[in-house]
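What follows is the residue order along each chain.
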Amino acid sequence: DVKVTQSSRYLVKRTGEKVFLECVQDMDHENMFWYRQDPGLGLRLIYFSYDVKMKEKGDIPEGYSVSREKKERFSLILESASTNQTSMYLCASSFFGTGNAEAFFGQGTRLTVV
Amino acid sequence: AQSVSQHNHHVILSEAASLELGCNYSYGGTVNLFWYVQYPGQHLQLLLKYFSGDPLVKGIKGFEAEFIKSKFSFNLRKPSVQWSDTAEYFCAVNGGHNDMRFGAGTRLTVKP
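Residues numbered from 1 in each chain as written. Chains lettered and ligands numbered in written order. Predicted model: local features only at pLDDT ≥ 70, side-chain atom pairs only at ≥ 80, totals over all residues. Heavy atoms only, no water.

1. Here we look at the interface of chain B and chain A
At the interface, 22 residues of chain B touch 25 residues of chain A. Buried surface at the junction of chain B and chain A, summed over both partners, amounts to about 1800 Å²; 49% is from carbon and sulfur atoms. One salt bridge connects Arg 101 of chain B with Asp 59 of chain A, and the closest N-O pair in it is separated by 2.7 Å. Viewed at the interface, chain A and chain B are joined by seven residue pairs in polar contact (both at pLDDT 80 or more). Of all the secondary structure elements, the ones that give two or more residues to the side of chain B that touches chain A are β5 (32–38), β6 (45–50), β10 (87–94) and β11 (100–102) of chain B. The element best represented in the side of chain B that touches chain A is β5 of chain B, accounting for four residues. When grouped by side-chain class, the residues that make up the side of chain B that touches chain A number nine nonpolar, nine polar and four charged. (Contact = heavy atoms within 4.5 Å. Buried area = accessible area lost by both parts, 1.4 Å probe. Salt bridge = Lys/Arg side-chain N within 4 Å of Asp/Glu carboxyl O. Polar contact = N/O pair within 3.5 Å; in protein donor to acceptor, adjacent residues only side chain to side chain. Helix = DSSP H or I, 4+ residues; strand = E, 2+ residues; numbered from the N terminus. Nonpolar A, V, L, I, M, F, W, Y, C, P; charged D, E, K, R; others polar.)

2. Some thoughts on the nonpolar core
Membership of the largest hydrophobic core comes to 28 residues, with the highest contact counts inside it found for Trp 35, Leu 48, Phe 74, Leu 76 and Tyr 89 of chain B. Elements that contribute at least two residues to this core include exactly β2 (10–14), β3 (19–21), β5, β6, β8 (64–68), β9 (73–78), β10 and β12 (106–111) of chain B. Per element, the largest residue contribution to this core is four residues, and it comes from β10 of chain B. When near neighbours in sequence (up to four residues on either side) are disregarded, Leu 76 of chain B contacts Leu 19, Glu 20, Leu 21, Trp 35, Leu 47, Leu 48, Phe 63, Glu 64, Ala 65 and Tyr 89 of chain B. Core analysis: the second largest hydrophobic core is formed by 20 residues, Val 4, Ile 60, Leu 78 and Ala 81 of chain A among them. (Core = buried A, V, L, I, M, F, W, Y, C linked by side-chain atoms within 4.5 Å. Buried < 20%, exposed > 50% of the residue type's maximum accessible area, 1.4 Å probe, protein only.)

Any functional reading would require information that these geometric values do not contain.
Structure, rendered in structure tokens:
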């Protein structure tokens, strides 16, 4: 089974802190994604990566950055956490190709910024 | 970039009723389409997917979806819902650039 593991299920951080969310996948997928999930808004794409050291902005990249130094690991960084970044963060991975690969998701990290 | 619209935000049905959830996308090229389900407290799971070929695709748990290219639609259907189908359902589109976009989701409540 494909496994996508997010390092924390719940996090509470203070406004202004730098926050790291880690994601690891074990299926040698080329693509990795970070979404945030908010009620009524669905999943919104923050960043994705199709190869090591490659990254592409999604729809809501402001206030976030990412790092992919190894194929299996994709980190989301909140440079200076703010209360409007309180949300559920979902990591996913998939094979690279003609776009016909399904995404596999982690359990999510519920981040609260106080 | 591609985008996805799900028209129903919250659907309430009784057991054994038929279900149809709407999904429309905007993208001019070849698309791959997906429906995911999220049961309470669980991670997203794939219900079904369309890549090419027969536009009527069957998924797990009795769900099916029909791709209508002329309408840019990929509606999800189930002839008879069960209480255990209570969940949130997300339509997604992958437009070939490896970035997958999701709709806002439809919350389904099935009354026993």
